[in-house]
Every structure is written in structure tokens, then in C-alpha cells.
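Secondary and tertiary structure notes
The primary structure of each chain is shown beneath.
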Amino acid sequence: AKRQRDGKPRLFRQAQEDELEERLSLERELRLAIDHDELCLYLQPQVDEAGNIIGAEALVRWQHPERGMISPGHFIPIAEETGLILPLGHWVIQEGCRVLGEWRNIPALQGLQLSLNVSVRQFQQPDFADQVLSVIQQHDVPPERLTLELTESLLLSDPDGTIEKMQQLQRAGVSFALDDFGTGYSSLAYLKVLPLDTLKIDIAFVRDLALGMQATPIAATIIALAQSLGLRVVAEGVETNDQRLVLAQLGCHIYQGFLFGRPLPVDAFLRTIVEDARA
Ligand code: C2E
Ligand code: CA
Ligand code: CA
Ligand code: CA
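Let me begin by describing the structure that accompanies this report. Treat the numbers as computed from the prediction; the structure is a model and nothing was measured.

Further remarks concern the pairing of strand β2 (residues 53-64). The element β2 is largely enclosed, with a buried count of 9 among its 12 residues. The pairing of strand β1 (residues 39-47) with β2 spans 9 bridges and is classified as antiparallel. Residue pairing in the sheet places P45 in a bridge with A56 of β2. Connecting the antiparallel pair β1 and β2 is a turn made up of 5 residues, with G51 showing a positive phi of about 90°. Where β2 meets strand β3 (residues 68-70), 3 bridges bridge the pair, whose relative direction is antiparallel. Paired with W62 across the two strands is I70, which belongs to β3. In sequence, β2 turns back onto β3 through a hairpin of 3 residues.

It is worth spelling out the site of ligand 1 at this point. Neighbouring residues of ligand 1: 20 residues in total, closest Q44, R61, S119, E239 and F258. Between ligand 1 and the protein, one listed contact pairs an oxygen atom with a side-chain N or O atom of E57 at 3.2 Å. One nitrogen or oxygen atom from the side chain of E239 is found 2.5 Å from a nitrogen atom belonging to ligand 1. Taken by itself ligand 1 offers 800 Å² of open surface, and the protein chains cover 78% of this. Put simply, the parts of the chain that give the shell around ligand 1 at least two residues each are β2, α2 (72-82) and β6 (175-181). Of the residues in the shell around ligand 1, the class split is 9 nonpolar, 5 polar and 6 charged.

Let's shift gears to the coordination of the calcium ion (ligand 3). Around the calcium ion (ligand 3), the protein supplies D179 (OD), D180 (OD), E236 (OE) and E236 (OE) as donor atoms, at distances of 2.2 to 2.6 Å. For the calcium ion (ligand 3), the single-chain donor residues occur in sequence as D-D-x55-E. Between the calcium ion (ligand 3) and the calcium ion (ligand 2) the interatomic distance comes to 3.7 Å, and D179 is a ligand of both metals. Of the two residues, D180 sits in strand β6 while E236 sits in the loop between β8 (232-235) and α11 (241-250), which places them 56 residues apart along the sequence.

A few words on the packing of aromatic side chains. Enumeration according to the criterion identifies 4 aromatic pairs in this entry. Ring centres of W62 and F75 lie 5.6 Å apart, and the angle between their planes is 85°; this geometry places the pair in the edge-to-face category. In this pair, W62 is assigned in strand β2 and F75 in helix α2, connecting sequence segments 13 residues apart. The exposure class assigned to W62 is buried, which follows from its relative accessible area of 0%. Ring plane angle 15° and centroid distance 6.1 Å describe the contact between W103 and F269, whose orientation is recorded as stacked. Within this pair, whereas W103 is found in helix α3 (residues 85-103), its partner F269 is found in helix α12 (residues 266-278), the two being separated by 166 residues in sequence. For W103, a relative accessible area of 1% corresponds to the buried category. When its relative accessible area of 1% is taken as the criterion, F269 is described as buried.

Conventions adopted
- Residues numbered from 1 in each chain as written.
- Chains lettered and ligands numbered in written order.
- Predicted model: local features only at pLDDT ≥ 70, side-chain atom pairs only at ≥ 80, totals over all residues.
- Heavy atoms only, no water.
- Buried < 20%, exposed > 50% of the residue type's maximum accessible area, 1.4 Å probe, protein only.
- Helix = DSSP H or I, 4+ residues; strand = E, 2+ residues; numbered from the N terminus.
- Pairing = 2+ DSSP bridges.
- Near = heavy atom within 4 Å.
- Polar contact = N/O pair within 3.5 Å; in protein donor to acceptor, adjacent residues only side chain to side chain.
- Areas by Shrake-Rupley, 256 points an atom, 1.4 Å probe, with all protein chains shown as cover.
- Nonpolar A, V, L, I, M, F, W, Y, C, P; charged D, E, K, R; others polar.
- Donors = N, O, S within 2.8 Å, 3.2 Å for Na, K, Ca; no water.
- Phe/Tyr/Trp six-rings, centres within 6.5 Å; stacked < 30°, edge-to-face > 60°.

Written out as C-alpha cells, the structure reads:
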């Protein structure tokens, strides 16, 4: 094959250039997506052992006019690298609180928690807690109904600032979940000092669970740890009844996953709940 001066095969270099071009145009378009109303939240139910929906996690989607639906795994990393995660993350808080505000008047939704994902960079803004509190006020949201999902990597850079912001929000009534637990670098010492309510077991540790298998030590350890710290534990990515049964045996009583419901647009999610309540 012909080689360019940099020694890479021409096709390979072309592919790299295409990829870069693709990224740059996604980045350009993402800048406009918020103003153009192209982002939306999908909600996925969280259920208890009896199958009752006790909450939902909001997952952002990008409804691109030409490319169709783009999943967050694709654009959140770009948003994080470019700083666009700040306006995007703020939009998620705004929209999540707007939804919670509307839920206040719907009887079937009383007691339902809404969980929002917060990026490290977003949380690290010095005025993050004030921002959230002001949006909560603006939409007249009972703070007790809001949970923020954080990841362990927050603790790497600024543990003191993290704890301070969490405490400020917690005093106002907001709850916290540690997302993707087991995949990061949590020191167990921090787990004790963070004002957390919930650990979420990462999907990677749920995937391998099956009845009669021995492959459960990580899930078992996380659940035991949560219990000893007095935290709720939510298993994510539950797809089979076997997984649910093993989790229940291990002492995990809150589940999220395709077995119970896929993420749905807010209106569709609402319809399933209201229908459930009637049935
Ligand atoms: P995550 O917070 O761990 O969210 C769970 C992901 O697992 C979601 O993917 C969800 O659709 C998927 N999932 C749920 N149940 C199942 C299941 O039973 N099987 C399988 N295979 N997957 C399941 P999604 O919506 O594509 O989101 C991917 C990631 O993007 C999220 O992971 C989160 O890290 C990030 N993300 C989503 N929304 C936001 C947001 O509003 N802000 C920020 N900062 N990140 C977000
Ligand atoms: Ca999450
Ligand atoms: Ca997660
Ligand atoms: Ca995850």
C-alpha cells in the first residue's frame, strides 16, 4: 500500500481524519442543540421488591434533526471535554426540576423520587449547590424528591469541596447516590464521611449474576458494604428474573433495568404509571 510521509497507510489516515471531522461537527452541533430544543430527558423506573415504582432516573437524549436519536454515551464525553457539559448539565437540572414541579399535582406520582446524573466538572463549579437550590425554588420542587447521582471520580480532585457542597444540598433535603459503584477508585474511608443515601451497583456486576453461580462476590460485597453503612442499594441493568432473585437473596431490594422498564420519554413514562395506578 502507498504510504504517506508520516508512515501511516493512506486509508488509515483518511479514517482518522473522518473521525476528527465527525467529532468537530458533533461538537459544533451540540453547542446549538440546547438552544434549538433538541435535548430531552428519558425516564427509567426504579422499582422495589413488590414491583412498585418508587423513582426514576433521568437519562438525557439528543434528538438530532438529521442523525436521529443520539445516545449520551456518544455526546456526554464530547460535552465533558469541551466544557459544554456545563450548559448541558444545567439544562438537565432545569428540565428535571420542571418535571418534578409538574409531578407535585399528580396523585399517582406522590412519593416518586427523580434522580439526575451530574458530571464531575459540573459538580465542581464553585456555585453548583446554589445553582441547584435556585432551580429547585424556581420550580417549587420539594427537595426531598430530588436525588443527584455522582461518580467516585469526584473524590480524586477535591474531596473537601465535594463534601461541603453535598452537605449544603443535603441540609436543604436533596439526596445523593454514588453511581457506577465498584468501577472507580473510592476509598472506603470517604464512603463513611460522604452524606450519601444510596449506592448504585454498576451494571457490570449485575450482568454476571445467575442462580446457582458463584460469580457474585463483588455484588455481594457491595450490598454488604451498603448495609453496614446504612445506605440504600440500587442495582442497575437488571435484565433477567434470575438476576433479580440473586440480588434479592443478597439483600438488594431496589432495581432498575430493562426487566422493569426501558427509559421512556417523560409523557410515555407518566402514562405507564397512571395506568398502573388505575389497574
Ligand atoms: P448511567 O448513569 O450508568 O445510566 C445507566 C445506563 O444503563 C443508561 O444508558 C440506561 O439506558 C442503561 N440501562 C438501563 N437498564 C439497562 C439494562 O437492563 N441493560 C442495559 N444493557 N442497559 C441498561 P444511557 O441512557 O445510554 O446513558 C449512558 C450514560 O450516559 C449514563 O450511564 C450516564 O453516565 C450518562 N448520562 C445519561 N444522562 C446523563 C445526564 O443527564 N448527565 C450526565 N452527566 N450524564 C448522563
Ligand atoms: Ca446514573
Ligand atoms: Ca450507573
Ligand atoms: Ca454505568
